[in-house]
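# Coordinate analysis (summary)
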Amino acid sequence: QVQLAESGGGSVQPGGSLRLSCAASGTIFSVAAMGWYRQAPGKQRELVATSSRGGSTNYIDSVKGRFTISRDNAKTTVLLQMNNLKPEDTGVYYCWARVLLADHWGQGVQVTVSS
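Described below are features of the structure shown in this document. (Residues numbered from 1 in each chain as written. Predicted model: local features only at pLDDT ≥ 70, side-chain atom pairs only at ≥ 80, totals over all residues. Heavy atoms only, no water.)

### Details of the pairing of strand 10 (residues 102-105)
Two strands pair when backbone bridges link them, and strand 9 (residues 91-99) and strand 10 are joined in this way by 4 bridges, in the antiparallel orientation. Pairing of R98 across the sheet is with D103, part of strand 10. Hairpin remark: strand 9 followed by strand 10, antiparallel, with 2 residues in the connecting loop; positive phi at L100, about 55°. (Pairing = 2+ DSSP bridges. Helix = DSSP H or I, 4+ residues; strand = E, 2+ residues; numbered from the N terminus.)

### A few points about the state of the cysteines
Summed over all chains, the structure comprises 1 disulfide. Residue pairing for C22: its cysteine sulfur links by disulfide to C95, the two sulfurs lying 2.0 Å apart. Across the disulfide from C22 to C95, rotation about the S-S bond amounts to roughly -85°, and the bridge is consequently left-handed. Linking C22 in strand 3 (residues 18-26) with C95 in strand 9, this pair joins segments that are 73 residues apart in sequence. For the residue pair C22 and C95, the accessibility class agrees, reading buried in each case. (Disulfide = S-S within 2.5 Å. Buried < 20%, exposed > 50% of the residue type's maximum accessible area, 1.4 Å probe, protein only.)

As structure tokens, then:
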């Protein structure tokens, strides 16, 4: 069993910042990658940012230059620093981890960007 504990999120005004954190625990043999997905109301879940065990990162185009993902492999933790937030960033953000060949998901945290 793999548990993903998420923290962060909240409500901010456009241009504000938030930091999300996710820590994996439980039965973990190998964590190939961790990251964040989000789902806006009425939309499909989409990748936001991922970080592989080797250190490579991947971002959806709309967040490049604004979001930064970092991975602490020793603590099996992934952070997402979100700057210059826009209303279109609003949604539920889910932590994701690839352990062996299985995907694991957090419960999700709400991010709301509005005036």
